[in-house]
Amino acid sequence: MDTDVIILGGGLVGATQALALAAHGLTSIVVDPADPAVTLAPGFDGRASAVASASGRMLDAIGVGERLAGRGCPIRQIRVSDGLEPGALDFVPDADDGALGVMYENKLLRRALFDAASAAPSVDLRMQTSATETVRDAAGVTATLSDGAVIRAPLLIAAEGRNSPTRVAAGITVAQWRYDHAAIIGAFHHERDHEGIAFEIFYPAGPFALLPLPDDEIGHRSAIVWTVTAKDAGGMLKLGDRGFLAEAEKRMGGFLGTLSAASPRASYPLGFHHAARITAERLALVGDAGHGIHPIAGQGLNLGFRDVATLAEVLVDGKRLGLDLGDAALLARYQRWRGLDTFMVAAATDGLARLFGIPGKAASAVRRFGISAVNAVPPLKDRFMAEARGESGDLPKLLQGLTV
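From a predicted model like this one, the values you see are computed outputs, not experimental measurements.

Rules used throughout
- Residues numbered from 1 in each chain as written.
- Predicted model: local features only at pLDDT ≥ 70, side-chain atom pairs only at ≥ 80, totals over all residues.
- Heavy atoms only, no water.
- Helix = DSSP H or I, 4+ residues; strand = E, 2+ residues; numbered from the N terminus.
- Buried < 20%, exposed > 50% of the residue type's maximum accessible area, 1.4 Å probe, protein only.
- Contact = heavy atoms within 4.5 Å.
- Polar contact = N/O pair within 3.5 Å; in protein donor to acceptor, adjacent residues only side chain to side chain.
- Pairing = 2+ DSSP bridges.
- Axes fitted to C-alpha atoms, helices over the stretch in contact; angles between N-to-C directions.

Q: Residues and numbers for the environment of Arg 282, please.
A: Within the secondary structure, Arg 282 is located in the loop between strand E19 (279-280) and strand E20 (283-285). Take Arg 282: its relative accessible area is 8%, and that puts it in the buried class. For Arg 282 and Asp 324, which are 42 residues apart along the polypeptide, the C-alpha to C-alpha distance reads 9.8 Å. Excluding its chain neighbours within four sequence positions, the residues that come into contact with Arg 282 are Arg 136, Asp 137, Ala 138, Ala 139, Gly 140, Val 141, Pro 154, Leu 155, Leu 156, Asp 324, Gly 326 and Leu 331. Here Asp 324 takes part through its side chain, which lies 2.8 Å from a polar atom of the side chain of Arg 282.

See the structure below:
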């Protein structure tokens, strides 16, 4: 069976890629070994993601936004501080600029994307299936699937995540290291309204992030990404709800009042990886297959969405010109467009993680000086807000809310 592209991986980024192409008339076969009965279950993924305003415009443009309408929490302000010291840095957009982004629980994003992909005539979703053999050569891409089907396309897109076997098979080298950190993720309720504010409090052991979620039947609610040293992660997970909430309240200084009704928690090791290139013969990498960063700035998923928007524009332009979608010139354009941006964001987040992890009063004083300096220089502050919105650099049309 022939199609325009084969996408390996149907997660948040892979499904979005298929839908972005479908919105422009390109067909795809999405191959994913996951069982939807597992991945779409309410307790599968307790994380929440900040979808930057530019990424949100893309989801609207490809028809996913309507499935998410009213189910996220707009981020109206970001407050950054070094511990609970005075002198926080507040990123507050102008009243007519709208929210910086929207917080969504991953389970909502996953369901919306899966349902949209399942309903799209141009997307052939092959779940609980894997590619047992993939051949990329001058003639095209041929993949043999675990169910015996043989599929063909001019281009293979790898959206398999950070341990992408396709990237490894292509011989693409990766710079990678582990941080001595783990992220404890979950959610809880709190007495006071978060007012749409995302809080990032930096401690030597790592950042403590509170991310606003919509109220539910219990009351006000926030997601948490609590970075702890790797050796402490197991102990944190073993704490009962009462102990966990007491520790969280200490880190917060009680500014949201009494905490209650904690959700189940999970822990993820933190690491960095960056592929030397994101293309090879008839192959493009998107999302974590090409890069993985520290969650310090909450930009991981948005980097993947930028890949999606860029690759979609490159391929749609190529199709209109009558080019082979696996043409080396098209892939070179994608590499140029995304290569520098992903590297700069990766380097910046790695630098921030290391800077804010330095212990001692002198390091803390330097950090507070930096926070004050950004606060005092409006153009610099505006640049950070543009990054948070996903609006910096040469934006693909989809991130501007336009179809290609």
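Here the narrative resumes, following the displayed structure.
Q: Pulling in residues and values, what's your account of the pairing of strand E15 (residues 206-213)?
A: Among the eight residues in E15, eight count as buried, and that is most of the element. Of the pairings in the sheet, the one linking strand E14 (residues 197-203) to E15 comprises five bridges and is antiparallel in character. Note that in E15 the partner of Tyr 203 across the bridge is Gly 206. In this structure, the hairpin formed by E14 and E15 is closed by a connection of two residues. Two successive antiparallel strands, E15 and strand E16 (residues 220-229), enclose a turn made up of six residues, where Gly 219 displays a positive phi of approximately 150°.

Q: Any details on the sheet that holds strand E4 (residues 73-75)? Residues and values, ideally.
A: Pairing between sheet strands relies on hydrogen bonds along the backbone, with the strands arranged either parallel or antiparallel. Ordered by their spatial adjacency, three strands build an open sheet running E3-E7-E4, and the pairing between neighbours is antiparallel. Strands with a single pairing partner mark the edges of an open sheet, and in this sheet they are strand E3 (48-52) and E4. Pairs of neighbouring strands in the sheet enclose a mean axial angle of 30°, with direction left out of account. Sheet topology note: the E4/strand E7 (residues 101-105) ladder contains three bridges and is antiparallel.

Q: Can you tell me about the pairing of E14, naming the residues and giving the values?
A: The element E14 is extensively covered by neighbouring structure, given that seven of its seven residues are classed as buried. Burial of the side chains of E14 extends over both faces: Ile 197, Phe 199, Ile 201 and Tyr 203 are buried on one face and Ala 198, Glu 200 and Phe 202 on the other. In the sheet, strand E5 (residues 77-82) pairs with E14 via six bridges, with the strands oriented parallel. Note on E14: the bridge partner recorded for Arg 79 is Phe 199.

Q: Quick rundown of the environment of Asp 147? Include the residues and the values.
A: Here Asp 147 shows up in the loop between strand E10 (140-145) and strand E11 (150-153). The spacing of Asp 147 and Ser 130 is 17 residues in sequence and 8.2 Å in space, taken between C-alpha atoms. Residues within four places of Asp 147 in sequence aside, it is in contact with Arg 126 and Thr 129. Separated by 3.0 Å, the side chain of Asp 147 and the backbone nitrogen of Ala 149 make a polar contact.

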